[in-house]
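# Observations on the three-dimensional arrangement
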Number of protein chains: 2
Amino acid sequence: MLLLLVAAHHSMADDGYRLWLKYDLIQDAAQRKAYLNAAKFIAVSGNGPVLQSAARELQQGLKGLLGQAVPMASAQGKSGGIILSVEPTANDSGGALGKEGYRISTDKNNIKITGKTEAGVLYGAFALLRQLQTRQPLEKIALASTPKIEYRMLNHWDNPDGTVERGYAGSSIWKWYELPERVDPRYRDYARANASIGINGVVINNVNASARYLTAEYLQKVAAVANVMRPYGIRVYMSVLWAAPKTIGGLTTSDPLDPKVRQWWTDRTNDIYKAIPDFGGFLVKANSEGEPGPQDYGRNHADGANMLAEALGSHDGIVMWRAFVYKANSNGDRFKEAYEEFKPLDGKFAPKVLVQVKNGPIDFQSREPFHPLFGAMPKTPLVLEVQITQEYLGFATHLVYEAPLFKECLDSDTYSKGKGSTVAKVVDGTVDQHRISGIAGVANIGSDRNWTGHPMGQANWYAFGRLAWDHELSSQAIAEEWTRMTITTEPKSVRTIADLMVKSRDIYVRYTTPLGLHHIMGESVHYGPQPWLAKAGRPDWTAVYYHKADAQGLGFDRTATGSNALSLYAPEVQKQWGNPQTCALDYLLWFHHVGWKQPLSTGRTLWDELCYRYYTGTDSVTWMQKQWAQVKPNVDPELFANVEGRLQKQYKEAVWWRDACVLYFQTLAQQPIPKPFSPPTRSLDEVKSLVEIYQLRK
Amino acid sequence: MLLLLVAAHHSMADDGYRLWLKYDLIQDAAQRKAYLNAAKFIAVSGNGPVLQSAARELQQGLKGLLGQAVPMASAQGKSGGIILSVEPTANDSGGALGKEGYRISTDKNNIKITGKTEAGVLYGAFALLRQLQTRQPLEKIALASTPKIEYRMLNHWDNPDGTVERGYAGSSIWKWYELPERVDPRYRDYARANASIGINGVVINNVNASARYLTAEYLQKVAAVANVMRPYGIRVYMSVLWAAPKTIGGLTTSDPLDPKVRQWWTDRTNDIYKAIPDFGGFLVKANSEGEPGPQDYGRNHADGANMLAEALGSHDGIVMWRAFVYKANSNGDRFKEAYEEFKPLDGKFAPKVLVQVKNGPIDFQSREPFHPLFGAMPKTPLVLEVQITQEYLGFATHLVYEAPLFKECLDSDTYSKGKGSTVAKVVDGTVDQHRISGIAGVANIGSDRNWTGHPMGQANWYAFGRLAWDHELSSQAIAEEWTRMTITTEPKSVRTIADLMVKSRDIYVRYTTPLGLHHIMGESVHYGPQPWLAKAGRPDWTAVYYHKADAQGLGFDRTATGSNALSLYAPEVQKQWGNPQTCALDYLLWFHHVGWKQPLSTGRTLWDELCYRYYTGTDSVTWMQKQWAQVKPNVDPELFANVEGRLQKQYKEAVWWRDACVLYFQTLAQQPIPKPFSPPTRSLDEVKSLVEIYQLRK
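Keep in mind that what you see is a predicted model, and the values were worked out from it rather than measured.

Another aspect to go through is the packing of aromatic side chains. Under the definition given, this model contains 101 aromatic pairs over all chains. A ring pair is formed by tyrosine 213 of chain A and tyrosine 218 of chain A, whose centres lie 5.6 Å apart and whose planes are at 80°; its orientation type is edge-to-face. Across the pair, exposure class does not vary: tyrosine 213 of chain A and tyrosine 218 of chain A are buried alike. When the ring of tryptophan 628 of chain B is compared with that of phenylalanine 640 of chain B, the centres are 5.6 Å apart and the planes differ by 10°; the resulting orientation is stacked. With tryptophan 628 of chain B in helix α19 (residues 606–630) and phenylalanine 640 of chain B in helix α20 (residues 637–669), this residue pair connects regions lying 12 residues apart in the sequence. Residue tryptophan 628 of chain B shares its accessibility class with phenylalanine 640 of chain B, and that shared class is buried. Directly above the aromatic system of phenylalanine 556 of chain A lies the positively charged group of lysine 548 of chain A, at a separation of 4.3 Å from the ring centroid. Note that lysine 78 of chain B overlies the ring of phenylalanine 41 of chain B, its terminal NZ or CZ placed 5.4 Å from the centroid.

If you want it as structure tokens, here you go:
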């Protein structure tokens with residue numbers, strides 16, 4: 001006789017859709033009561049759409065957290081409620097509040113959320129909810145915050161056909177074939193999530209852009225998306241195809257100095273603003289990886305960017321021009337190429353142009369030195385571009401919390417205006433006193449129910465938004481905050497999970513690319529290890545171009561005896577990385593070709609240290625599994641099993657990386673695997689054939 | 001002052017995930033009580049995994065429908081319960097029960113569900129639940145049913161990278177990068193849905209196959225999927241790349257007569273059965289649209305198929321060899337090519353081989369005459385392949401219920417063994433007494449929360465399964481059943497929705513390809529109308545190849561004065577379609593080139609009839625919108641809005657099709673748009689540029 005339990009699958013399990021806006025009932029009755037005493041009503045003065053969003057979110061959040069509906073009411077003569085108020089000319093006695101800043105204060109026994117704009121109040125509403133979600137007291141609450149960076153953007157690499165370049169969470173959330181008649185309710189939840197972390201702009205399409213979006217047909221669709229974003233303080237931007245005037249405009253050229261081309265872009269831009277009055281602007285990938293651009297006509301990036309800035313005219317929009325450019329050159333150093341093309345253009349860009357620079361000089365590797373353009377273009381506002389989607393960080397099966405990676409770049413000192421000229425301060429405009437500033441994250445969002453594939457990937461979206469708002473927040477604080485909001489408020493589990501998260505990126509680096517190795521992943525699909533890759537579509541798409549392993553040693557000499565890329569940095573930075581004896585080991589092979597038997601500061605030789613990191617990094621995944629196992633009692637079962645399964649996969653892949661790399665480098669180092677580690681139980685040929693499976697027909 | 005309602009979005013709205021297995025509480029208390037009286041317990045004799053699935057599903061379903069848990073118990077001395085029992089040797093007094101058949105009977109005041117196999121009982125459990133879901137009485141219940149076709153298959157055109165060829169519902173549900181460590185709980189819900197409609201096999205990958213699945217690495221992944229399918233009576237099959245022995249086997253040839261190649265396939269097949277003991281077999285697209293195949297080595301399809309059959313050896317597996325082949329030939333007729341290649345091979349295929357034939361001779365057009373191979377290969381079991389995904393039926397924005405299309409083919413009389421030799425009876429094996437039989441539907445399933453993009457697309461998955469089980473069911477009955485289970489049980493709404501569904505396919509045909517027009521859709525992406533398409537990658541990928549419009553008239557002459565494709569059919573069929581005066585208008589332009597001014601049986605000239613159908617077909621979408629509006633009070637609001645939005649899009653696209661086709665054909669017919677219809681308000685150039693937008697970079 002069978003005794004089966006009914007699997008009440010759909011009603012109980014947490015499928016991750018709600019992200020960090022879960023608003024589950026607070027179990028502690030005393031705490032709930034205390035909160036209820038401070039949330040007897042919600043009063044809103046004004047009826048703008050963004051303010052309505054703030055009120056609606058507060059209602060939804062409080063109802064969930066407190067278990068009862070909080071009524072909308074007039075504040076007249078009442079106390080114990082929440083008042084939302086836009087006060088454009090408020091006397092900033094408590095410090096300057098920017099146009100998107102918020103203040104939460106206690107006023108006559110009410111909690112007052114104020115901002116100079118509706119958006120400010122919306123951010124304040126989310127901040128207040130966050131206090132409840134993380135179980136902070138509301139008594140005498142006094143918070144004020146203004147974003148340090150103006151344009152806080154998600155970049156979607158989403159294609160019109162619904163695929164997502166480097167996406168690992170299903171297909172695009174944008175349903176272009178359905179729009180504009182059918183507007184997926186999911187767009188609103190996407191907007192809510194972004195607004196809750198302060199993101200105020202989204203580039204809806206891939207930088208390898210289709211001209212479709214510039215047609216009247218697609219503008220209607222984009223406008224329908226913009227209509228959903230607008231009440232959440234989010235503006236829509238577009239990646240544009242440089243060749244569009246030819247592709248869809250019927251012109252014979254896309255030369256930015258051609259009057260017909262200029263007129264075409266001006267006309268299209270006016271069309272866009274007719275459909276989307278608060279359109280944000282353009283993102284451009286030009287003359288990069290085969291994309292067309294102004295150089296096709298002998299013009300430079302500034303010519304191109306300025307032409308688009310002119311097309312924007314008096315509209316309130318910007319141009320973000322990407323600096324991710326490099327030419328195929330087997331004897332060159334890709335590290336230097338963006339710098340060499342862009343540095344000379346500093347001061348030549350129109351005021352509406354920002355140059356968008358990746359965090360590092362190569363391409364979103366698990367660890368890169370900061371991009372040498374930061375600090376090198378004082379006359380140009382630079383957008384920092386980071387990648388949230390885990391193209392080089394284990395797709396959706398590796399738990400890699402990225403805040404430490406983002407922070408590492410943001411906190412790097414460029415020394416451009418002396419000590420303290422961090423990338424963060426270059427980007428937020430304080431180093432060079434820029435009027436505008438921006439930061440962009442390449443989204444990890446897809447149509448998967450839980451948005452990000454790996455449930456813990458949600459933390460990366462969250463952390464990006466929080467750091468875009470305030471780059472001084474710590475990785476640890478963000479991890480704890482997110483965990484409380486998303487997974488559990490049980491203190492020990494919060495600590496365990498946050499600790500796991502904060503250490504995860506370093507662990508990933510150790511078992512994939514320790515000591516400054518980079519770009520040794522599988523060809524094209526970028527999955528798994530392929531350090532032996534010597535032939536590819538371009539020399540700078542191989543692995544050997546980057547690691548330069550030979551019988552003597554390992555690493556790319558970027559000092560004066562090599563490519564001299566190091567010279568692109570300020571002298572203080574050169575000093576920090578220039579000497580292989582003192583260079584931090586995390587960056588060693590980025591700048592130096594080091595002998596296999598060279599002793600390092602750890603006391604081990606390069607070879608032994610390499611093996612040590614691959615082996616201990618892999619072992620650390622076992623540690624991650626054990627940590628995760630500990631939190632089981634306090635985590636939703638479906639979520640627990642989901643992460644547990646992915647950690648198993650992560651361990652298997654860590655072993656794969658370790659085996660592939662030590663076996664391959666061993667053929668050159670000719671050294672044994674040091675004790676106490678055991679040599680891989682499979683052959684180099686076996687691991688070689690493994691990565692090739694993932695390069696078969698897609 | 002704002003007064004906002006809390007949007008209790010997540011808990012109340014129906015997101016479609018549960019498909020037709022919703023099990024919502026029956027609101028009528030009297031009916032619930034009556035059902036409860038007949039479901040006081042569930043007793044299961046046996047503990048096989050499929051039987052467990054049956055019991056679990058009953059528990060889950062009854063708990064939802066009746067609002068209380070039904071206990072598992074022993075039936076000993078009890079009455080008023082449900083007994084599940086496998087009775088392999090039961091005396092079939094009530095008629096022969098096949099190995100997957102079920103019987104639901106009343107036995108000593110208990111409801112007894114019996115089958116010769118566990119699968120039979122599982123199907124019976126779903127049948128019983130269906131009775132409750134559609135509010136049928138349980139008193140003296142006596143049902144018995146056995147599937148008419150043995151292999152009831154879904155074919156997934158899912159690629160390893162997660163894209164789905166011709167998929168319009170997000171990405172693939174299969175998460176290959178996560179498998180086998182992480183097994184998405186969704187796989188189980190997919191299996192439940194399939195089992196509930198009798199589907200017992202799934203081909204997990206695209207016929208344009210990657211060799212990946214044959215590697216040990218991927219076999220583990222496929223095995224993990226098979227482990228989830230098995231308890232639901234579902235076997236896993238694989239599409240294979242013909243060139244695999246070269247691609248991954250290290251051989252220099254894929255010649256099916258080469259002993260090394262034969263050995264390689266035998267070895268791989270043995271590997272597969274080691275990992276998946278109940279593996280179902282292979283699906284092959286060979287020498288078709290650029291895919292490799294045995295003809296590359298001067299062998300024929302039978303050589304290839306028989307080699308795979310030999311590799312299957314004593315394993316219980318089959319080979320499904322697709323007949324979808326055609327050579328690029330601008331003067332030929334694609335209609336005839338599969339016939340010409342396969343008909344001569346009848347009798348040459350090994351016993352484990354089935355030839356898989358699309359419903360019509362071209363490619364899943366909105367209406368096709370049945371494929372001339374049906375009835376023409378009496379010595380070979382033929383699998384009927386239909387397309388559930390709406391490649392040519394409006395993607396996920398057109399409401400097209402496909403049961404009438406499937407039925408039209410199934411009910412077509414081939415006359416191969418005299419009158420009554422329908423396609424259905426050829427396929428189920430009764431016409432030619434085949435031991436095995438199969439039917440395959442190309443899935444419309446993706447990772448979208450509601451599985452099929454268009455919520456009404458779920459009905460097509462459902463209808464395919466129900467017809468695969470019993471091709472004698474009517475389209476109307478299936479539509480009503482599905483509607484009751486999925487949308488509403490309110491009788492008037494059920495009638496309205498079912499009526500809308502049943503008429504929808506004919507409406508679609510009218511506004512896209514009336515009178516037997518075919519293959520005039522947009523190039524490559526197959527979106528929108530492009531009847532003027534005259535140049536493409538191949539001549540038989542254009543539109544003009546098929547409609548042959550000229551100054552005189554319209555249509556493809558396939559009689560003896562033309563390609564003579566009609567001669568491939570039995571004389572009775574030739575007679576039915578051979579005379580343009582008597583040929584059903586729905587098939588007219590499939591077989592005849594008809595003068596523009598030729599009067600038809602409707603009293604209108606061809607040109608006027610063409611316009612009449614385009615215009616009235618388009619107007620019918622307005623009717624569909626009105627019908628849908630009527631059911632609003634009885635339909636979940638989110639679902640209602642979803643379908644409403646898509647119907648708006650459908651109307652816009654119907655107008656697009658109408659305008660494009662009448663404007664283009666008018667350039668040749670040189671006739672005015674007949675009264676009372678108004679000529680399109682846009683130019684031919686405008687509609688031409690519209691379709692091109694959707695062919696820009698994807």
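Glancing now at the pattern of salt bridges. Residue and element names in this part refer to chain A. Evaluation of the coordinates by the stated rule reveals 90 salt bridges over all chains. When the shortest N-O distance is used, the salt bridge between arginine 166 and glutamate 391 registers 3.0 Å. Pair noted here: arginine 166 is in the loop between β6 (151–155) and α5 (186–196) and glutamate 391 is in the loop between β12 (382–387) and α11 (403–410), with a separation of 225 residues, a long-range link. The exposure class assigned to glutamate 391 is buried, which follows from its relative accessible area of 3%. Salt bridges here are not isolated pairs; linked through shared partners, they connect Arg367, Glu408, Arg505, Asp506, Asp586, Arg604, Glu609 and Arg613.

The subject of this paragraph is unusual backbone geometry. Cis geometry marks the peptide bond from leucine 179 of chain B to proline 180 of chain B; its omega dihedral reads 0°. The phi torsion at arginine 135 of chain A lies on the positive side, around 65°, for a residue other than glycine. Mapped onto the elements of the fold, arginine 135 of chain A is located in the loop between α4 (118–133) and β5 (143–145). In this structure arginine 135 of chain A comes out as partly exposed when scored by relative accessible area, which is 24%. Positive phi, close to 60°, is recorded for arginine 166 of chain B, a residue that is not glycine.

Taken in spatial order, the eight strands close into a barrel running β6-β7-β8-β9-β10-β11-β12-β13 (chain A), and their pairing is parallel. Adjacent strand axes in the sheet meet at a mean angle of 25°, parallel and antiparallel pairs treated alike.

A word on the domain arrangement of chain A. All names here are of chain A. The domain architecture assigned to chain A consists of domain 1 (16–145), domain 2 (151–486) and domain 3 (510–556 + 593–695). Each partner contributes residues to the interface: domain 2 has 26 residues there, and domain 3 has 26 residues. Between domain 2 and domain 3, a total of about 2200 Å² is buried, with carbon and sulfur atoms accounting for 55% of that surface.

So, how was this worked out
- Residues numbered from 1 in each chain as written.
- Chains lettered and ligands numbered in written order.
- Predicted model: local features only at pLDDT ≥ 70, side-chain atom pairs only at ≥ 80, totals over all residues.
- Heavy atoms only, no water.
- Phe/Tyr/Trp six-rings, centres within 6.5 Å; stacked < 30°, edge-to-face > 60°.
- Buried < 20%, exposed > 50% of the residue type's maximum accessible area, 1.4 Å probe, protein only.
- Helix = DSSP H or I, 4+ residues; strand = E, 2+ residues; numbered from the N terminus.
- Lys NZ or Arg CZ within 6 Å of the ring centre and 35° of its normal.
- Salt bridge = Lys/Arg side-chain N within 4 Å of Asp/Glu carboxyl O.
- Pairing = 2+ DSSP bridges.
- Axes fitted to C-alpha atoms, helices over the stretch in contact; angles between N-to-C directions.
- Domains from an automatic or database assignment.
- Contact = heavy atoms within 4.5 Å.
- Buried area = accessible area lost by both parts, 1.4 Å probe.

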